Amino acid sequence: MTETTETAETTEQELTDKVVASFGTAKDERFREVMQALVRHAHAFVRETRLTEAEWSAAIAFLTASGHITTDTRQEFVLLSDVLGVSMLTVAVNEPGLGESTESTVLGPFFVQDAPEIALGGDIAGGAKGEPSWVAGTVTDTDGTPVPGARIEVWEADDDGMYDVQYDHGALAGRAHLFSDAEGGYRFWALTPTPYPIPDDGPVGRLLHHAGRSPMRAPHLHFKVTAPGFHPLITHIFVAGDPGLDSDSVFGVKQSLVRPFDRHPAGTPTPDGRRPDGPWTSAGFDIVLRKE
């Protein structure tokens, strides 16, 4: 190692130490811990890659563009976190999956507060295009005791691979919430999930293009389940046998969340006594919540 190199490394480390120390006076201990770790890791990244000023300018432009394209219904920074695997890593750190409760996965950028309520056995489609699918199960705790009155929020893309908030009409479709019954049971009509691309017309899409990565998500149905005294659950169910399970663009697939969507021909009676004119599917998903 040359003397010049040694001097440069010393100067670089002194800068890092100085910035880390600047957060040492923060009164909030957790804030201080997180910010000092952020500085250490960010500086280590710059040193490891020998980042050029042009590259750093390009990164700033990328983040600026991500901010410009973000709206109330389009969150580019969530997409960026998702495709970098940071969202799923955060889930893994906070939801270790002890084998007792249902595993979590990413929230995604398309959750909407205050989706319409439907009765048990109702339809979340709201006019969205797709093949009907009957979804049913029970909500219990880790001891198998039913959880009545659990709020179950569900949402999904339509057959064109679009969520309702991606359209200009402003109408909510393909999403709703319902409550489990006295025995913890729930049931509703949805759409059979189909593959779709995450929004790839912005900075994150360009990043995936440069990386040679697909923007496609494995077909899934979102769930958010809450009940007093229980840890909130954010999860999906995925369609068994789909070829995209191993290449989900946000790394969200967990084997325990893969479910068969059984196919039924037109005219086959449904669990709620209908005889649909077209084919439909059915899936079962029992949900296990862990107590706070």
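Attention here is on the structure that accompanies the text. Every chain's residues receive numbers from 1 upward, in the order its sequence appears when written. Totals for whole chains, interfaces and linings use all residues, but because this is a predicted model, local features are given only for residues with pLDDT of at least 70 and pairs of side-chain atoms are given and counted only at 80 or more. As a rule here, side-chain values come from all non-hydrogen atoms in the structure, and water together with hydrogens is ignored.

Remarks on the nonpolar core
We define the nonpolar core as a collection of buried residues of types Ala, Val, Leu, Ile, Met, Phe, Trp, Tyr and Cys that are connected through side-chain atoms lying within 4.5 Å of one another. Burial here depends on accessible area, computed with a 1.4 Å probe over protein chains only, as a share of the maximum for the residue type. Under 20% is buried, over 50% is exposed, and the range in between is partly exposed. The biggest cluster of nonpolar side chains holds 31 residues, and the ones touching the most others in it are Tyr-186, Phe-188, Phe-223 and Ile-287. Where this core is concerned, the elements lending two or more residues are β1 (132-141), β2 (151-155), β3 (175-179), β4 (185-191), β7 (220-226), β8 (233-239) and β12 (287-289). The helix count covers DSSP runs of H or I at least four residues long, the strand count covers runs of E at least two residues long, and both are numbered beginning at the N terminus. If you tally residues by element for this core, the top one is β8, at 4 residues. Grouped together as the second largest cluster of nonpolar side chains are 9 residues, Leu-79, Val-106, Ile-198 and Leu-208 included.

Digging into the packing of aromatic side chains
Classification of ring pairs rests on two measures: the distance between centres of Phe, Tyr or Trp rings, Trp counted by its six-membered ring, which must be within 6.5 Å, and the angle between planes, read as stacked under 30 degrees, edge-to-face over 60 and tilted in between. The final tally for this structure, using the stated rule, is 10 aromatic pairs. Their ring planes at 55 degrees and their centres at 6.2 Å tell us that Phe-188 and Phe-223 sit as a pair that is tilted. With Phe-188 in strand β4 and Phe-223 in strand β7, this pair connects stretches of sequence that are 35 residues apart. Like Phe-223, Phe-188 is buried. Taken together through their ring pairs, the aromatic side chains of Tyr-186, Phe-188, Phe-223 and Phe-285 make up a single cluster.

A short note on the sheet that holds β8
Here, any two strands with at least 2 DSSP bridges between them count as paired. Sheet architecture is open: 5 strands sit in the order β3-β2-β7-β8-β9, paired in mixed fashion. Looking at strand neighbours, the two that pair on one side only are β3 and β9 (258-259), the edges of this open sheet. As paired strands, β2 and β7 are joined by 5 bridges and run antiparallel to one another. Directly across from Val-154, in β7, lies its bridge partner Phe-223.

A look at unusual backbone geometry
Positive phi, normally seen in glycine, also occurs at Arg-50, with a value near 50 degrees. Along the chain, the position of Arg-50 falls in the loop between α2 (29-49) and α3 (53-69). The backbone phi angle of Phe-251 is positive, close to 60 degrees, even though this residue is not glycine. Among the secondary structure elements, Phe-251 is positioned in the loop between β8 and β9.

What about α2?
Each residue after the first adds 1.5 Å to the expected span of a helix. Between the first and last C-alpha of α2 there are 30 Å, a value that for 21 residues agrees with the 30 Å anticipated at 1.5 Å per step. For α2, the N-terminal cap is Asp-28; the gap from its side-chain oxygen to the backbone nitrogen of Arg-30 is 3.0 Å. Following α2 by one or two positions, Arg-50 adopts a phi angle in the positive range, close to 50 degrees. The term polar contact refers here to a pair of N or O atoms within 3.5 Å; inside protein, the definition further demands a hydrogen-donor-capable atom paired with an acceptor-capable atom, and it admits residues adjacent in sequence only when both atoms are side-chain atoms.

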